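Letter by letter, the chains look like this.
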Amino acid sequence: MGNLFPRVYDMAMLPLERTKFNKIRKALVSKASGRVLEIGSGTGINFPYYRNASQVDAIEPNPVMNKRSNKRIESSRIPIQPYLMKAEKLPFADSTFDSVVATLVFCTIPEPVKAIQEIQRVGKPGAKILLFEHVRMNQKLLGKAQDLLTPTWKKICHLNRNTLELLTQANVSIKKIDRHFKGLFLTIECLNEK
Ligand SMILES: C[S@@+](CC[C@H](N)C(=O)[O-])C[C@H]1O[C@@H](n2cnc3c(N)ncnc32)[C@H](O)[C@@H]1O
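Asks: Got a minute to help me understand a nonpolar patch on the surface in this structure?
Replies: The grouping of Leu149, Trp153 and Ile156 at the surface amounts to a nonpolar patch, some 310 Å² of accessible area in total. Assignment of secondary structure puts Leu149 in helix 6 (residues 140–153).

Below you can see the structure in the form of structure tokens.
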């Protein structure tokens, strides 16, 4: 991803953010409470939606995305600490966070199982894990189309990643799943079981 990508990303998101995405993010992110870890915070699109968090530690490996999030950090009502790092290896102590948020991130993480393990490790027992992700669709043809596109598309993201399936294999208890856009996007609310 070059220097241009974060600006293009924000521009591409603008029409979506004005519509349903915005409502989905707001509803999900406002459920995060206490000390929050945000995974792959990108340009900080979620930052204005934290209502019940006391502090947010936001990790993002792309320095340009990270830099672009600074404006949103400055205008945030709650303290947000950015870190330049990946989800697969986090520097936080065990059981640090009350909530973990990830939106549109799991399709891009190279080692999603490791990332889930790290989220579980740094999350307190019973911590909320709040995800908004696009996933492989259940419809046969559309799911197959996602499989076919993934090898060429995977530089950007894995279109056919089944994040819900990965979560069901992890030690989390899934409390709520909402399907959006015919199941292409899911919001998933879990509790950390450990
Ligand atoms: C599609 S963007 C989503 C950004 C933001 N969360 C949002 O909702 O708009 C995916 C983000 O995941 C980040 N990312 C990629 N690999 C990652 C990893 N291993 N750990 C954490 N974040 C990662 C990318 O740099 C990018 O900012």
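Still to come is the rest of the account.
Asks: Before we go on, may I ask you to explain the sheet that holds strand 6 (residues 172–180) in this structure?
Replies: Picture the strands of a sheet paired through backbone hydrogen bonds; they go either parallel or antiparallel. Here seven strands make up an open sheet; going across it, the order is 3-2-1-4-5-7-6 and the pairing mixed. One side of each edge strand has no neighbouring strand; the edge strands of this open sheet are strand 3 (80–83) and strand 6. Across the sheet, the mean angle from the axis of one strand to that of its neighbour is 15°, orientation sign disregarded. In the sheet, strand 2 (residues 52–59) pairs with strand 3 via four bridges, with the strands oriented parallel. Bridge assignment links Ala58 to a residue of strand 3, and that residue is Pro82.

Asks: Where do I start with the state of the cysteines in this structure?
Replies: When the sulfur atoms of two cysteines share a covalent bond, that bond is a disulfide. For the structure shown, the criterion picks out zero disulfides. Cys107 supplies the cysteine sulfur nearest to Cys190, a cysteine that is in no disulfide, at a spacing of 16 Å.

Asks: Please clarify how the site of the ligand should be interpreted in this entry.
Replies: Around the ligand, the structure places 20 residues, and the nearest of them are Tyr9, Arg25, Gly40, Glu60 and Thr103. Between an oxygen atom of the ligand and a side-chain N or O atom of Arg25, the distance comes to 2.7 Å. Between the ligand and the protein, one listed contact pairs an oxygen atom with a side-chain N or O atom of Glu60 at 2.6 Å. Expressed as a share of its isolated accessible area of 600 Å², the protein-covered part of the ligand is 92%. For the shell around the ligand, the class distribution of residues is 10 nonpolar, six polar and four charged.

Asks: Quick question: what am I supposed to make of the side chain of Thr163 here?
Replies: Within the secondary structure, Thr163 is located in helix 7 (residues 163–169). Take Thr163: its relative accessible area is 0%, and that puts it in the buried class. Not counting residues within four places of it along the chain, the set of residues in contact with Thr163 comprises Phe106, Leu131, Glu133 and Val135.

Asks: Any chance you could explain the nonpolar core here in plain terms?
Replies: Inside soluble globular proteins, nonpolar side chains tend to come together where they are buried. Judged by nonpolar contacts, the single largest core of 28 residues is most densely connected at Leu37, Ile39, Ile59 and Phe106. If you list the elements that add at least two residues to this core, you get strand 1 (33–39), strand 4 (97–103), helix 5 (112–122), strand 5 (123–134), helix 7 and strand 7 (185–192). With near-sequence residues (within four places) excluded, Ile59 lies in contact with Leu37, Glu38, Ile39, Gly40, Ser41, Tyr83, Met85, Lys86, Ala87, Leu90 and Phe92. In this structure, Met13, Phe47, Ile80 and Val101 belong to the second largest nonpolar core, which totals 22 residues.

Asks: Help me out: how do you make sense of helix 6 in this one?
Replies: Since the α-helix advances by 3.6 residues per turn, residues separated by three or four positions end up pointing in the same direction. The end-to-end C-alpha separation of helix 6 is 19 Å, in line with the 20 Å expected for 14 residues at 1.5 Å each. Looking only at helix 6, the buried set comprises Gly143, Gln146 and Thr150.

Asks: Help me understand the side chain of Asn66 in this model?
Replies: Inspection of the secondary structure assignment puts Asn66 in helix 3 (residues 63–68). Owing to a relative accessible area of 13%, Asn66 belongs among the buried residues under this scheme. If we skip the residues at most four places from it in the chain, Asn66 touches Gly42, Glu60, Pro82, Tyr83 and Leu84.

Asks: I tried to follow the pairing of strand 2 on my own but got confused; where do I start?
Replies: Along any regular strand, the residues point their side chains to alternate faces of the sheet. Sheet topology note: the strand 1/strand 2 ladder contains seven bridges and is parallel. The residue bridging Val36 from the neighbouring strand is Val56, located in strand 2.

Asks: What am I meant to see in helix 5 here?
Replies: Taken residue by residue, helix 5 has Pro112, Ala115, Ile116, Glu118, Ile119, Gln120 and Val122 as its buried positions. In the core, the buried residues of helix 5 are packed alongside strand 1, strand 4, strand 5, helix 7, strand 6 and strand 7.

Asks: Explain the pattern of salt bridges here, please?
Replies: Between side chains of opposite charge, pairing is possible as soon as their charged atoms come close. Counted according to the given criterion, the structure contains seven salt bridges. Across the pair Asp57 and Arg35 runs a salt bridge, and its minimum N-O distance is 2.9 Å. Of this pair, Asp57 sits in strand 2 while Arg35 sits in strand 1, placing them 22 residues apart in sequence. Judged by relative accessible area, which is 0%, Asp57 ranks as buried. Residue Arg121 is joined to Glu118 by a salt bridge in which the shortest nitrogen-to-oxygen separation is 2.8 Å. Here Arg121 and its partner Glu118 are both found in helix 5, three residues apart, which amounts to about one turn of the helix. For Arg121, a relative accessible area of 24% puts it in the partly exposed group. The class of Glu118 is buried, set by a relative accessible area of 13%.

Reading the values: the criteria
Residues numbered from 1 in each chain as written. Predicted model: local features only at pLDDT ≥ 70, side-chain atom pairs only at ≥ 80, totals over all residues. Heavy atoms only, no water. Patch = residues over 30% accessible without salt bridge, like charges linked within 9 Å, V, L, I, M, F, W, Y side chains within 5 Å. Areas by Shrake-Rupley, 256 points an atom, 1.4 Å probe, with all protein chains shown as cover. Salt bridge = Lys/Arg side-chain N within 4 Å of Asp/Glu carboxyl O. Helix = DSSP H or I, 4+ residues; strand = E, 2+ residues; numbered from the N terminus. Pairing = 2+ DSSP bridges. Axes fitted to C-alpha atoms, helices over the stretch in contact; angles between N-to-C directions. Disulfide = S-S within 2.5 Å. Near = heavy atom within 4 Å. Polar contact = N/O pair within 3.5 Å; in protein donor to acceptor, adjacent residues only side chain to side chain. Nonpolar A, V, L, I, M, F, W, Y, C, P; charged D, E, K, R; others polar. Buried < 20%, exposed > 50% of the residue type's maximum accessible area, 1.4 Å probe, protein only. Contact = heavy atoms within 4.5 Å. Core = buried A, V, L, I, M, F, W, Y, C linked by side-chain atoms within 4.5 Å. Expected span 1.5 Å × (residues − 1).

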